[in-house]
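Descriptive structure summary
Residue-level listing of the chains:
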Amino acid sequence: MKINVLYSEEKIQAKIKELAEEMNKFYNGEEVYVICALKGAIMFAVDLVKHLNMPLKMEFIRLSSYNGGTKSSGKVNAVDISLPDLNDKNVLIVEDIVDTGLTAKFLLDFLNCNFHTKSTKFCSLLDKKITRQTDVEPDYYGFEADDKFLVGYGLDYDGYYRNLTYIGYIEK
Ligand code: 5GP
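Residues numbered from 1 in each chain as written. Predicted model: local features only at pLDDT ≥ 70, side-chain atom pairs only at ≥ 80, totals over all residues. Heavy atoms only, no water.

**Comments concerning the site of the ligand**
Here is the rule: Residue proximity to a molecule or strand is established when one non-hydrogen atom of the residue lies within 4 Å of it. Here a polar contact is taken to be a pair of N or O atoms separated by no more than 3.5 Å, where protein atoms must pair a possible hydrogen donor with a possible acceptor and residues adjacent in sequence count only if both atoms sit in side chains. The protein chains shown are the only cover counted for residues, whose accessible areas, like all others here, come from Shrake-Rupley with a 1.4 Å probe. Numbered from the N terminus, helices here are DSSP runs of H or I no shorter than four residues, and strands are runs of E no shorter than two. Polarity classes work like this: nonpolar for Ala, Val, Leu, Ile, Met, Phe, Trp, Tyr, Cys and Pro, charged for Asp, Glu, Lys and Arg, and polar for all others, with Gly in that last group.
For the ligand, the set of nearby residues contains 18 residues, the closest of which are D96, T100, T103, L150 and D156. In the environment of the ligand, an oxygen atom lies 3.0 Å from a nitrogen or oxygen atom belonging to the side chain of E95. In isolation the ligand offers 510 Å² of accessible surface; the protein chains occlude 92% of this area. Among the secondary structure elements, those contributing two or more residues to the shell around the ligand are β5 (90–98) and α3 (102–114). Of all the elements, β5 adds the most residues to the shell around the ligand, at 4 residues. A class-by-class count of the residues in the shell around the ligand yields 7 nonpolar, 5 polar and 6 charged.

Structural data, given as structure tokens:
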């Protein structure tokens with residue numbers, strides 16, 4: 001299958017450095033809990049934290065809404081959402097892509113219901129604003145994406161392509 005490249009490795013890495021610089025300014029050395037939403041955000045979260053200069057801890061949660069297809073099922077499934085005590089902590093959620101926004105909303109509501117954080121910020125590498133069904137907006141995002149099913153750099157199709165260093169779409 002041919003993948004058309006939309007965001008090259010160089011473009012992604014340059015954008016990550018930009019985002020990290022903004023975050024370093026915002027947190028100004030304060031400790032942060034970085035919450036990586038598996039599996040899609042794994043590559044992004046790992047590369048992002050390399051450029052963050054504050055003390056930080058990484059947590060990993062697993063949500064799913066796709067069930068293997070190329071469209072959101074409309075229902076978010078919390079596969080594993082065990083988290084430490086985040087009261088009075090700075091929390092940075094790291095996602096791969098915001099599409100309908102249902103996953104982001106689920107996660108933000110979950111944090112709001114369970115903790116009084118010091119701050120909660122939501123960061124997504126990609127933002128498909130055009131397909132949004134909620135009023136969620138990421139505090140930080142890398143690229144605004146079209147309504148195409150993207151793969152690579154953590155994003156999968158049926159479990160494949162996560163290992164690509166770039167992001168693109170599958171040519172039919
Ligand atoms: P949302 O809940 O915002 O509709 O979707 C969030 C999740 O759906 C993302 O974390 C990601 O796992 C998946 N997703 C949304 N758009 C795409 C896409 O274009 N490609 C892939 N591989 N997954 C996507």
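**Focus on the pattern of salt bridges**
If the charged atoms of two oppositely charged side chains come close together, the side chains can form a pair. The criterion, for reference: Every case where a carboxyl oxygen of Asp or Glu lies within 4 Å of a side-chain nitrogen of Lys or Arg is listed as a salt bridge. Accessibility here uses a 1.4 Å probe with only protein chains present; expressed as a share of the type maximum, an area under 20% marks a residue as buried, one over 50% as exposed, and anything in between as partly exposed.
In total, this model carries 9 salt bridges according to the counting rule given. For R162, the salt bridge identified is with D156, shortest N-O distance 3.5 Å. With relative accessibility at 23%, the residue D156 sits in the partly exposed group. Through salt bridges with shared partners, a single network forms among D127, K129, R132 and E137.

**Some details on the sheet that holds strand β8 (residues 150–151)**
Note the threshold: Pairs of strands are assigned from DSSP output, requiring at least two bridges between the strands.
In spatial order, the strands read β1-β9-β8; together these 3 strands make up an open sheet with antiparallel pairing. Of all the strands in the sheet, just β1 (3–7) and β8 have a single pairing partner and so form its edges. Pairing analysis gives 2 bridges linking β8 to strand β9 (residues 167–170), with the strands arranged antiparallel. Opposite L150, over in β9, you have Y169 as the bridge partner.

**Let's talk about the nonpolar core**
The test is simple: Here, the term nonpolar core denotes a set of buried Ala, Val, Leu, Ile, Met, Phe, Trp, Tyr and Cys residues that are joined through side-chain atoms within 4.5 Å. Contacts were defined at the residue level, with two residues in contact if any of their heavy atoms lie within 4.5 Å.
Counting residues in each nonpolar core, the largest one holds 30 residues, and the members touching the most others are M23, F44, L48, L52, L92, L126 and I167. Among the elements of the structure, α1 (9–27), β2 (32–38), α2 (42–49), β5, β6 (119–127) and β7 (140–144) are those that each provide at least two residues to this core. Discounting residues that sit within four places of it in the chain, L126 has contacts with Y7, D96, I97, V98, F143, A145, L150, L155 and I167. Core analysis: the next-biggest nonpolar cluster, separate from the first, contains 17 residues, I35, L83, V91 and V136 among them.

**As for the pairing of β6**
Worth spelling out the cut-off: By definition, the crossover connecting two strands over a helix is right-handed if that path, from the first strand to the second, turns clockwise as seen with the strands pointing away from the viewer.
Among the 9 residues of β6, 8 are classified as buried, and the element is accordingly described as predominantly covered. On the question of chirality, the crossover connecting β5 to the parallel β6 by way of α3 is right-handed. Of the pairings in the sheet, the one linking β6 to β7 comprises 4 bridges and is parallel in character. If you follow L126 over to β7, its bridge partner there is F143.

**As for the packing of aromatic side chains**
As a reminder, the rule being used: For Phe, Tyr and Trp, where Trp contributes only its six-membered ring, two rings pair if their centres lie within 6.5 Å, and the inter-plane angle classes them as stacked under 30 degrees, edge-to-face over 60, or tilted in between. Charge-over-ring placement is defined geometrically: NZ (Lys) or CZ (Arg) within 6 Å of the ring centre, and within 35 degrees of the ring normal.
Counted according to the given criterion, the structure contains 3 aromatic pairs. Against the face of F26 rests K121, its NZ or CZ located 4.8 Å from the ring centre. The cationic tip of K148 hangs over the ring face of Y169; the distance from NZ or CZ to the ring centre is 4.8 Å.

**Considering the sheet that holds β7**
Which entries qualify depends on this criterion: Lines fitted to C-alpha atoms define the axes, with helix axes restricted to the stretch in contact, and inter-axis angles between N-to-C directions lie between 0 and 180 degrees.
With respect to topology, 6 strands assemble into an open sheet ordered β4-β3-β2-β5-β6-β7, the strand pairing being mixed. Looking at the sheet topology across the chains shown, the edges are occupied by β4 (77–80) and β7. Here the strands of the sheet are splayed against their neighbours by 25 degrees on average, with no regard to which way each runs. As defined by bridge partners, β5 adjoins β6 across 8 bridges and the pair is classed as parallel. Paired with V91 across the two strands is T120, which belongs to β6.

No statement about biological role is implied by the geometric values presented.
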